[in-house]
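Architecture at a glance
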Amino acid sequence: FQAPYPPWDFTDRNSFAFETVLRRWPVILTGIIDNIYCRNHDLGVSLPSKSEEEKATVEVIIEEGKKIISKIGEVKYDMARDRVLQPIPEDGEALTDVYNKELEKLAKKKQNTWLTVPWLYSECYLYRLIRSFFVQTKHWKDYDPFLAQKEATFQKSSKAIYQLATTMHELEGDKHTLASDPDNLKVIFKEMIQMCLWGNATDLSMLTHLSHDDIQHLQTVGRDAQAARAEYILKDDQEKVWQHLTSLTGKEDSRVDFVLDNAGFELFTDFVFADFLVTYTPYVSKVVFHPKLIPWFVSDVTPPDFKSATKSLLSPTFFPQEDTPEGAPASGASEESRQHLYEMVKRWESYIESGVFSLSVPIDSPLGSSDAQANFWTSPYPYWNMKELAPELHKSLEDSSLVIFKGDLNFRKLTGDVQWPASTPFETAIGPIAGSFPILSLRTNKADVIVGVDQEVADKLDKSGEKWRYNGKYAVVLFQPRAT
Ligand code: F6P
Ligand code: MG
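Report follows, based on the coordinates. Small disclaimer: the values here were computed from a predicted structure and weren't measured.

Points about the sheet that holds strand β7 (residues 475-480)
Sheets are built from strands that pair by backbone hydrogen bonding, the pairs being arranged parallel or antiparallel. Across the sheet, 7 strands lie side by side as β1-β7-β6-β5-β2-β3-β4; this open sheet has mixed pairing. Pairing within the sheet leaves two strands with one partner each, and these edge strands are β1 (233-236) and β4 (357-359). Taken pair by pair, the neighbouring strands of this sheet meet at an average axis angle of 15°, ignoring direction. Across 4 bridges, the pairing between strand β2 (residues 255-259) and strand β5 (residues 402-406) is parallel.

Some thoughts on the environment of I430
Here I430 lies in the loop between α18 (426-429) and β6 (439-444). Judged by relative accessible area, which is 0%, I430 ranks as buried. A C-alpha to C-alpha distance of 5.3 Å links I430 and L414, two positions 16 residues apart in sequence. The contact partners of I430, leaving out residues within four places of it in the chain, are W384, L414, I439 and Q480.

Quick word on the coordination of the magnesium ion (ligand 2)
Looking at the metal site, the magnesium ion (ligand 2) is ligated by D261 (OD), N262 (OD1) and D300 (OD), spaced 2.1 to 2.2 Å from it. Taken in sequence order, the residues that donate to the magnesium ion (ligand 2) follow the motif D-N-x37-D. Overall, D261 belongs to the buried group, its relative accessible area being 6%. When its relative accessible area of 2% is taken as the criterion, N262 is described as buried.

Regarding the packing of aromatic side chains
Tallied over the full model, the rule gives 41 aromatic pairs. Ring centres 6.1 Å apart and planes at 85° place the aromatic pair F154 and F319 in the edge-to-face group. Linking F154 in helix α5 (residues 147-155) with F319 in the loop between α13 (303-314) and α14 (335-354), this pair joins segments that are 165 residues apart in sequence. We note that F154, like F319, is buried. Centre to centre, the rings of F289 and F306 are 5.4 Å apart; their planes meet at 50°, and the pair counts as tilted.

Scoring rules and cut-offs
Residues numbered from 1 in each chain as written. Chains lettered and ligands numbered in written order. Predicted model: local features only at pLDDT ≥ 70, side-chain atom pairs only at ≥ 80, totals over all residues. Heavy atoms only, no water. Pairing = 2+ DSSP bridges. Helix = DSSP H or I, 4+ residues; strand = E, 2+ residues; numbered from the N terminus. Axes fitted to C-alpha atoms, helices over the stretch in contact; angles between N-to-C directions. Buried < 20%, exposed > 50% of the residue type's maximum accessible area, 1.4 Å probe, protein only. Contact = heavy atoms within 4.5 Å. Donors = N, O, S within 2.8 Å, 3.2 Å for Na, K, Ca; no water. Phe/Tyr/Trp six-rings, centres within 6.5 Å; stacked < 30°, edge-to-face > 60°.

Spelled out as structure tokens, the structure:
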């Protein structure tokens, strides 16, 4: 599929793309360097207490860590000087050829330097390249350089988490009235879908310019906060999604797929939404979650993140009881809300156990494992060619009753990250994947590409000077049904 517009790249100095290559990526790369440096430092401090044999191993780990640091330093250097992107080394993991072949094509078009390459390709390439630095070592293969950051931010989300657990507990009491009153259920459905949407507002690759106060603010849940934010949903297909769900009445085995985005608070909101769909509505019997198999765009969910999420939520010490020096506020949760969270997460665990909730790959998959279907999510490809490029995945999603694409990057890939006019219909922008299966995109705007918005609204926002395409304040809820 060839879109009639070029992809977003770094030529427009006012674009978020340019801001990304100029400022955000260097900050993210420096964060990885700091993370490795800290681990190396701790290992160094521990050396005197080690046996000779252990010392030898630890010294190798430290050496390998230093090599990764220097390779990341080189990438930063090349980026700042608009140098050529180097091929991904043959590291034995998936997609090396895919990235390198694409890079060769770009070289022929003279688009293979850090400022001439399309944004979507180069950003995916960057995370795959970083992964290769870890894979080529003996001791850092399983290391996720973003893990500490993901966990720390998750720990700071306790307020909204307890609040949502209590909301879900209250639903329990209304379960029977809800079941017999679809209109009431619809009201709750809309709250749930919005909660899940705004859960995407806080991905960690944006942390380079958002403060923790901003984040807490974005995580404010509850009816009033949502009503206040409803006006920021620039295209809102919630009603259509509801109609679609109710049309599943009586269908056995209706399955919803979540193409996940970020770990931590967003994954929590995905679980809550999934729980609502299977526990409180009669329309959904099974949910499949799709993770990324390598550390990806800082905060995306990997299988280890998925596995540890419920464990963390059930741990009595995960959320701080008192303010921590790192800035995590005391959860301040009452005994009651702790109990609500416990009950809810125990239910999720039982769903995972019984297969009502499942991960698309084995839950114990280590970082870097390969899976014909899941590899597609960490390729640089837009989704419109899924049928040709990942036929098994496409086929599997055809069996789904609803595929929910979470977040900004999924939206960029659905629309090919090209410079569509803002009013392009979603159906047009997603190309040939439209109609394959029911698609729902829940996206807070964090990149230049936008579609599905009234041209007048877009023009007005453009004129206002507000960075509405990427400041994370605006969102879209876009639905495309299966072709009949
Ligand atoms: O950095 C590029 C980008 O796609 C941004 O547009 C966005 O901030 C981030 O990465 C990923 O966002 P999300 O986690 O919502 O996919
Ligand atoms: Mg993400």
